[in-house]
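Geometric and topological summary
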Amino acid sequence: MSRTPPHSTERELITQRKQDHIQAVQEDPKVERQQSGFDQIQLMHRALPELDYDKIDTSCEWLGYSMSFPLLISSMTGGGATNLEKINIHLAEAAEASRIPMAVGSQRAMLENPKAAKSFKLRQYAPNVPLIANIGAVQLNYGVTHELIQKAVDTLQADALYLHLNPLQEIIQPEGDRNFSQLFDKIAQLVKALDVPVILKEVGSGMSAQDIERGIQAGVEWFDLAGRGGTSWSRIEAHRSENDLGILFQDWGLTTVQALRISQAYQSRANFIASGGIRNGIEMAKAVIMGAQFCGVAAPLLGPASDSTQATIGKILQLKQEFTTAQFLLGQANLQGLRRNQDLILTDFLPAGN
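I will try to describe carefully the structure that is included in this document. Keep in mind that what you see is a predicted model, and the values were worked out from it rather than measured.

Rules used in this analysis
Residues numbered from 1 in each chain as written. Predicted model: local features only at pLDDT ≥ 70, side-chain atom pairs only at ≥ 80, totals over all residues. Heavy atoms only, no water. Helix = DSSP H or I, 4+ residues; strand = E, 2+ residues; numbered from the N terminus. Rg over C-alpha atoms; globule rule 2.2 N^0.38 Å. Contact = heavy atoms within 4.5 Å. Core = buried A, V, L, I, M, F, W, Y, C linked by side-chain atoms within 4.5 Å. Buried < 20%, exposed > 50% of the residue type's maximum accessible area, 1.4 Å probe, protein only. Patch = residues over 30% accessible without salt bridge, like charges linked within 9 Å, V, L, I, M, F, W, Y side chains within 5 Å. Areas by Shrake-Rupley, 256 points an atom, 1.4 Å probe, with all protein chains shown as cover. Salt bridge = Lys/Arg side-chain N within 4 Å of Asp/Glu carboxyl O. Axes fitted to C-alpha atoms, helices over the stretch in contact; angles between N-to-C directions. Parallel < 35°, antiparallel > 145°, perpendicular 65-115°, else oblique. Nonpolar A, V, L, I, M, F, W, Y, C, P; charged D, E, K, R; others polar. Pairing = 2+ DSSP bridges. Right-handed = clockwise from strand over helix to strand, strands pointing away. Disulfide = S-S within 2.5 Å.

When helices and strands are counted, the protein chain shows 14 helices and 10 strands. Its C-alpha atoms give the protein chain a radius of gyration of 19 Å, near enough to 20 Å, the size a compact globule of 354 residues would have. When its C-alpha atoms are laid out on the principal axes, the protein chain stretches across 65 × 40 × 40 Å. Residue pairs at least 24 apart in sequence account for 78% of intrachain contacts in the protein chain once pairs closer than 6 positions are excluded.

So this is what it looks like as structure tokens:
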């Protein structure tokens with residue numbers, strides 16, 4: 001993979017980095033780790049579900065919108081290049097057509113390069129679904145102010161903000177920002193300052209009990225656990241590095257299932273999104289049973305979104321059919337009967353600690 005030339009400007013570096021990331025996902029099959037932990041969970045099949053499949057209700061509510069099923073298009077990209085803009089437009093149009101929420105990739109690109117803002121002006125393509133802005137929490141230590149973050153929210157006309165936590169990625173990234181000290185107070189101040197909810201999000205290594213507890217203390221009510229097992233950002237950044245540290249740490253962290261298990265103790269105090277290696281509707285059903293309000297998916301949609309809106313919609317409809325089928329075969333007419341229903345998991349296959 002090509003590396004960013006020396007002496008590049010900051011805006012050129014960020015644009016090239018976005019392109020490098022997409023190239024790694026598309027060309028390196030080992031970026032997909034297939035270790036989310038969902039294969040360890042077996043569900044209780046109902047031979048007599050006593051339901052009409054065509055009347056299964058998968059709908060849910062979020063941020064004042066009615067959603068068709070609990071899928072979230074997770075953060076992928078955005079920036080100053082034409083292909084990045086097209087990917088985001090296809091994703092936004094598919095989100096609108098499918099009635100599901102969408103999160104964008106890091107908007108730091110638009111703070112450094114005004115041309116990148118166009119790739120985040122998506123409300124015209126998705127007027128009736130939640131859109132989630134995105135900034136790295138560590139940027140609070142590098143001069144990104146509340147005003148700049150509000151600009152990112154306003155550009156997207158977002159309903160919430162992803163404040164992503166990516167210490168491993170920043171360490172592996174050659175030009176990474178590594179000062180994660182004293183972020184708690186800054187996160188708490190940001191939560192109070194913004195007029196939209198802040199969602200704390202990992203990017204592929206999961207969240208510990210201490211992370212969740214600290215987030216709650218800062219006023220955060222939503223967490224995207226983003227466990228390991230899907231796309232490895234450590235391995236992606238290894239493509240851009242001169243050493244093998246990113247390969248050594250490519251499977252670092254908690255699996256999505258482990259992170260969901262840890263979240264059980266906080267279900268009455270916070271809301272959780274499961275992401276990281278969720279690749280089909282059965283795994284979505286398992287995540288909802290373990291307490292997820294939504295299931296984030298990114299990598300499976302990147303290829304279709306690089307192609308067209310219709311291809312993206314097709315993949316989303318496939319996931320919905322799989323999820324609906326799982327819900328039907330579990331004998332649950334709606335999501336209320338599915339969420340946190342531990343009776344649907346065979347006891348012998350409960351993750352350790354449940």
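Membership of the largest hydrophobic core comes to 98 residues, with the highest contact counts inside it found for Ile-73, Met-102, Leu-161, Leu-163, Ile-187 and Phe-223. Among residues more than four places away in sequence, those in contact with Leu-161 are Ile-132, Ala-133, Asn-134, Ile-135, Ile-149, Val-153, Leu-190, Leu-194, Val-196, Pro-197, Val-198 and Ile-199.

Structurally, Val-220 is set in the loop between helix H7 (209-217) and strand E8 (222-224). Taking the C-alpha atoms as reference points, Val-220 and Ala-188, 32 residues apart in sequence, are found 8.0 Å from one another. The contacts of Val-220, once residues within four sequence positions are left out, are Ile-187, Val-191, Val-198, Leu-200 and Gly-215.

Nonpolar side chains collect at one region of the surface, where Ile-171, Leu-245 and Leu-248 lie side by side and expose about 270 Å² of accessible area between them. Topologically, Leu-245 is positioned in helix H9 (residues 245-248). Judged by relative accessible area, Leu-245 falls into the partly exposed class, the value being 34%.

The subject of this paragraph is the packing of helix H2 (residues 82-98) against helix H12 (residues 299-307). H12 packs onto H2 with a crossing angle of 105° between their chain directions and a minimal axis gap of 8 Å. Here H2 is positioned roughly perpendicular relative to H12, judged by the angle of their axes. Note on element contacts: H12 touches H2 through Leu-301, Leu-302, Ala-305, Ser-306 and Asp-307, opposite Lys-86, Ile-87, His-90 and Leu-91. Looking at the contact of H2 with H12, its residues break down into 5 nonpolar, 2 polar and 2 charged.

Let us look at the pattern of salt bridges. Overall, the coordinates contain 10 salt bridges when judged by the stated rule. A salt bridge links Arg-279 to Glu-32; the nearest nitrogen and oxygen atoms lie 2.8 Å apart. Remark: Glu-32 occurs in the loop between helix H1 (10-27) and strand E1 (60-62) and Arg-279 occurs in the loop between strand E9 (271-275) and helix H11 (281-289); sequence separation between them is 247 residues. Overall, the relative accessible area of 22% leaves Arg-279 in the partly exposed class. Here Glu-32 falls in the partly exposed class, since its relative accessible area comes to 23%. Close ionic contact of Arg-33 with Asp-251 constitutes a salt bridge, the shortest N to O distance being 2.8 Å. Of this pair, Arg-33 sits in the loop between H1 and E1 while Asp-251 sits in the loop between H9 and helix H10 (256-263), and the two are 218 residues apart along the sequence. For Asp-251, a relative accessible area of 28% gives the class partly exposed. When salt bridges with common partners are traced through the structure, they connect Glu-175, Glu-237 and Arg-240 into a single cluster.

Moving on: unusual backbone geometry. What is expected of a backbone is that most residues other than glycine have negative phi and most peptide bonds are trans. The backbone phi angle of Gln-34 is positive, close to 55°, even though this residue is not glycine. Mapped onto the elements of the fold, Gln-34 is located in the loop between H1 and E1.

Judged by how many residues are buried, strand E6 (residues 160-165) sits mostly within the fold: 6 of 6 residues are covered. The pairing of strand E5 (residues 131-136) with E6 spans 5 bridges and is parallel. Along E6, the bridge assignment pairs Ala-133 with Leu-161. Where the polypeptide runs from E5 across helix H4 (residues 146-156) and back to E6, its parallel neighbour, the crossover connection is right-handed.

Time to look at the state of the cysteines. Should the sulfur atoms of two cysteines be covalently bonded, the bond is a disulfide. Within this structure, the stated rule accounts for 0 disulfides. Of all cysteine sulfurs in the structure, the one in Cys-295 sits closest to Cys-60, which takes part in no disulfide; the separation is 9.5 Å.

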